[in-house]
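A closer look at the structure
In case you want the letters, here they are:
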Amino acid sequence: MSEPMLKVSGVHTFYGAIEALKGIDIEINAGEIVSLIGANGAGKSTLLMTLCGSPRARQGRVHFEGEDITDLPTHEIVRRGIAQSPEGRRIFPRMSVLENLQMGSIVAQPGSFDRELERVLTLFPRLKERIAQRAGTMSGGEQQMLAIGRALMSQPRLLLLDEPSLGLAPLIVKQIFSVIKEINREQKMTVFMVEQNAFHALKLAHRGYVMVNGKITMTGSGAALLADPEVRAAYLEGGH
Amino acid sequence: MTMPSHAAGAPHVAAKAVDWSGSLRDAGFAAFVALLLTVPLVGLRTIDRPTGLGIEARPEEVVASVLLVFFGRLGLGLIGQGLALPVLFLALAAAAVGLAIPLPTQVLRLVLVAGGGIIALRAAFAVTTHRSKLTLAERDRKMDRVAAQVQHATKYIAPVAFIGAVLLPMTPLADRQLLDIGILLLTYIMLGWGLNIVVGLAGLLDLGYVAFYAVGAYSYALLAHYFGLSFWVCLPLAGLLAAFSGVLLGFPVLRLRGDYFAIVTLGFGEIVRIILVNWYQFTGGPNGISGIPRPSFFGLAEFSRTPAEGMAAFHELFGLEFSPLHRIVFMYYLILALALAVNLFTLRIRKLPLGRAWEALREDEIASASLGINRTNMKLAAFAIAAMFGGFAGSFFATRQGFISPESFTFIESAIILAIVVLGGMGSQAGVVVATLLVIGLPEAFRELADYRMLAFGMGMVVIMLWRPRGLLAHRDPTILLHGGKKPATGGAAR
């Protein structure tokens, strides 16, 4: 079997003296959508941030396409082909939508801007309507689309999404998830997604991980996890 | 000043009846605040006595200003309650009284005339538009629109201003004093534009910008003093040395953020000044350095009646009558060129990856890093480039003054430059010019106000922060647009 695209082995991350990640092992293969679900404070976002080198893992290794990226600075990791749509979107509020997208293409191949822009605007027609608007004046859903679009502009091979459904109306959530599915199918984009919305995230994912208190407690295919009584009880009951 | 009175939000029907007790209470409160402020600021005056400093009380001025504030506030309140017309007449009468009748002090006269005038204007506005008062949000939006329009108009105003600045020395108006003020303004505009790179574009609050100004000034002064190098050799060297000191400072402090960063830059500014004071053998300490050579005409000629050996005299070279004004005019053009160079650089860099990365850093550091921006390098670049421009301005300052001492590089200079950038609207080039005219130009114009100059300065700042909290011209235009807005694929300008 071929090497996984991203291999996280035995990663421990600390905030000061507090151990947020207690030995995480995760593998993501090229072309997959992998979802990581868990409750508030389980360490999901910390894992995503650790992949990007901020905070840094104190123990354990992160390999991306065979290369050890554990100790690389954040901007170097991004240059290897990992793009992140960070928690809370973090778009540039005073810049226009187009400028935001332009910022995304910093590490992309020169000359790819027009093609990538076309692609992102086709995925999110709403962004095209808002292209000259100041990003901070858009709705939450539009900002989320922009955050994902901006990440895509860098032509990544691995897309990290941190809670893309956070604070969005159900209809918008559906839209966002269908776009994620489309990116994966059409562009063969590998996606690693952190979500609280376990139902949608697992339905979409090829495989899933469940995190509790900084440890991975369960793993399996998306469908299997969705059917698992324990997962249902902890993350799905009452919701759907 | 306009605090939102309770009449502001009241519906029109209710505004018909005049709320006397409310208005009086409001005016009384304003008078009380005025009392608290004027007792220390106006009521006490230090005077030089043979025995030492003494304090003289001036109760009548306090009473006068408290009364003026009371009636002014009452008038403002009543404008919003359907009594605009009487208020208009009374305010005009007050202004006329201020003009006609001899008053004990000039300041009282100014306050009476200006205050009466402003209230009369507002009343007239209310009478003509039949609108009692704009709400705060309405006013803000209106001002934003005006600011955006002004900023769009700068496209046309800027060339006119530029031509005006170029032609100024050739007009008969240009005497020594006017040119000196022009040079002073241009120096601050250049410093403001330089600091705007760090504060406005990269979003780093630098409270010690004057340090680089000092490094530039002392670089030239010391190089000229010890090695006899000319201004034209030293100008680039001063820029380089200042940029180097920017990098030197940058390495340790750029890991810090926000307030901590600001405090460290403040400290750096002081360190540079204290070194200059204490390194007596090298820098001349508090006595400074005098006899700094004036610049020559690009190394070709000198601006003196009797040039040194081997040099031509400027007036002979061009067959002109000798005039001491020639050098001043040359200085004026020199600083104009330097300032414009900074401006062109900033306008250009905003459209290049480096400038865009700075703006992204200002907006959100974490997001910038996650997009592959090397934060440290970008910030260092901003720091070094801004420091370099500060260094240029500094060596110009040294050659213009002919004398420098650490006293010229105190914290207040940093504060003034920062005030120019913030009041103008961070990141706005035109804003820097407008703010410089206000902050540097107005105090020069109102020298007659003497001691009250700084009071007026403070008041101006408060007014700007009340009405335009994000700066005078804070509107920001995007640096790229789609062609025609329809076909993104043809966005050739995007890259």
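Residues numbered from 1 in each chain as written. Chains lettered and ligands numbered in written order. Predicted model: local features only at pLDDT ≥ 70, side-chain atom pairs only at ≥ 80, totals over all residues.

By the naming in an unreviewed UniProt entry, chain B is High-affinity branched-chain amino acid ABC transporter permease LivM, taken from Azospirillum cavernae. On record in UniProt, under Subcellular location (unreviewed entry), the comment for chain B is "Cell membrane". (UniProt positions renumbered as here; feature names shortened; annotations may be inferred.)

1. Details of the overall build of chain B
When its secondary structure is counted, chain B shows 18 helices and 6 strands. Counting every position in chain B, which comprises 495 residues, the buried fraction comes to 39%. A fraction of 73% describes how many contacts in chain B between residues 6 or more apart in sequence connect residues 24 or more apart. (Helix = DSSP H or I, 4+ residues; strand = E, 2+ residues; numbered from the N terminus. Buried ≥ 20, exposed ≤ 12 C-beta atoms within 10 Å, placed from the backbone. Contact = placed C-beta atoms within 7 Å.)

2. Section: the nonpolar core
Residues and elements named next belong to chain B. Counting 170 residues, the largest nonpolar core has Met190, Tyr213, Ala214, Ala221, Ile335 and Ala382 as its most contacted members. Ranked by residues supplied to this core, first place goes to helix H15 (residues 375–401) with 15 residues. The contacts of Ile335, once residues within four sequence positions are left out, are Ile183, Leu186, Thr187, Met190 and Phe396. Residues Ala30, Leu76, Leu88 and Ala123 belong to the second largest nonpolar core, which totals 21 residues. (Core = buried A, V, L, I, M, F, W, Y, C linked by C-beta atoms within 7 Å.)

3. Details of the confidence of the model for chain B
Residues and elements named next belong to chain B. Confidence in the prediction of chain B, expressed as mean pLDDT, is 83, and 90% of residues score 70 or more. Overall, residues 1–15 carries pLDDT values under 50, and its contacts beyond four positions in sequence, including any with other chains, amount to 23 contacts. Here the prediction assigns the complex a pTM of 0.81, and the interface score ipTM is 0.87. (pLDDT = per-residue confidence, 0-100.)

4. What to know about unusual backbone geometry
All names here are of chain A. Ser54 connects to Pro55 through a cis peptide bond whose omega is 5°. In this model, Glu163 sits at a positive phi of 50°, which is unusual for a non-glycine residue. Relative to the helices and strands, Glu163 resides in the loop between strand S7 (158–162) and helix H7 (170–187). Owing to 22 C-beta atoms within 10 Å, Glu163 belongs among the buried residues under this scheme. A positive phi angle, close to 55°, is found at Lys188, a residue other than glycine. Among the structural elements, Lys188 can be located in the loop between H7 and strand S8 (190–195). The class for Lys188 is exposed, based on 10 C-beta atoms found within 10 Å.

5. Quick look at the domain arrangement of chain B
Each assigned domain of chain B is listed here: domain 1 (14–133) and domain 2 (156–467). A C-alpha centroid distance of 40 Å is found between domain 1 of chain B and domain 2 of chain B. (Domains from an automatic or database assignment.)

6. Some details on the packing of helix H12 (residues 325–349) of chain B against H15(B)
Residues and elements named next belong to chain B. Taken N-terminus to C-terminus, the directions of H12 and H15 make an angle of 175°; their axes are 11 Å apart at the nearest point. As judged from the angle between their axes, H12 and H15 are roughly antiparallel. Across the interface between the two elements, Met331, Leu334, Ile335, Leu338 and Val342 of H12 pack against Phe389, Phe392, Ala393, Phe396 and Arg400 of H15. Residue classes in the contact of H12 with H15 are distributed as 9 nonpolar, no polar and 1 charged. (Axes fitted to C-alpha atoms, helices over the stretch in contact; angles between N-to-C directions. Parallel < 35°, antiparallel > 145°, perpendicular 65-115°, else oblique. Nonpolar A, V, L, I, M, F, W, Y, C, P; charged D, E, K, R; others polar.)

7. Re the sheet that holds strand S1 (residues 6–15) of chain A
Residue and element names in this part refer to chain A. Judged by pairing direction, the sheet is antiparallel, and its 4 strands sit side by side in the order S2-S1-S4-S5 without closing on themselves. The open sheet has two free edges, formed respectively by strand S2 (18–28) and strand S5 (67–68), since each of these has just one partner strand. As paired elements, strand S4 (residues 59–64) and S5 share 2 bridges and run antiparallel to each other. For His63, the partnering residue across the bridge sits in S5 and is Asp68. With respect to the sheet, helix H1 (residues 44–51) is in contact with S1, S2 and S4, its orientation differing from that of S2 by roughly 70°. (Pairing = 2+ DSSP bridges.)

8. As for H7(A)
Residue and element names in this part refer to chain A. Over its 18 residues, H7 runs 25 Å from end to end, which matches the ideal 26 Å to within 8%, given 1.5 Å per residue. Taken together, the buried positions of H7 are occupied by Ile176, Phe177, Ile180 and Ile183. Along the axis of H7, the buried positions cluster into a sector of 110°, meaning they face one direction only. Projecting away from the buried face of H7 at angles above 90 degrees are the exposed residues Pro170, Leu171, Ser178, Arg185 and Glu186. Residues of H7 that are buried sit in contact with helix H4 (113–123), helix H6 (140–152), S8 and helix H8 (198–204). Where H7 terminates, the next one or two residues include Lys188, which has phi positive at roughly 55°. (Expected span 1.5 Å × (residues − 1). Arc of directions from axis to C-beta.)

9. Section: the environment of B:Leu229
All names here are of chain B. Looking at the element boundaries, Leu229 is found in the loop between helix H7 (210–227) and helix H8 (231–253). Overall, the presence of 15 C-beta atoms within 10 Å leaves Leu229 in the partly exposed class. Contacts of Leu229, omitting those with residues within four sequence positions, involve Leu223, Ala224 and Cys234.

10. Here we look at the interface of chain A and chain B
With 29 residues of chain A at the interface, the matching set in chain B holds 25 residues. Mapped by element, the contributors of at least two residues to the side of chain A that touches chain B are helix H2 (74–79), helix H3 (97–104) and H4 of chain A. The residue inventory of the side of chain A that touches chain B, partitioned by class, reads 15 nonpolar, 8 polar and 6 charged.

11. Some remarks on the packing of helix H1 (residues 20–43) of chain B against helix H2 (residues 59–79) of chain B
Residue and element names in this part refer to chain B. At a minimum axis separation of 8 Å, H1 and H2 run at an interaxial angle of 150°. In this view, H1 runs roughly antiparallel relative to H2, as classed from their interaxial angle. The way H1 lies across H2 gives a crossing that is right-handed. Across the contact of H1 with H2, the residue classes tally to 15 nonpolar, 6 polar and 3 charged. (Left-handed = near helix turned anticlockwise from the far one by under 90°.)

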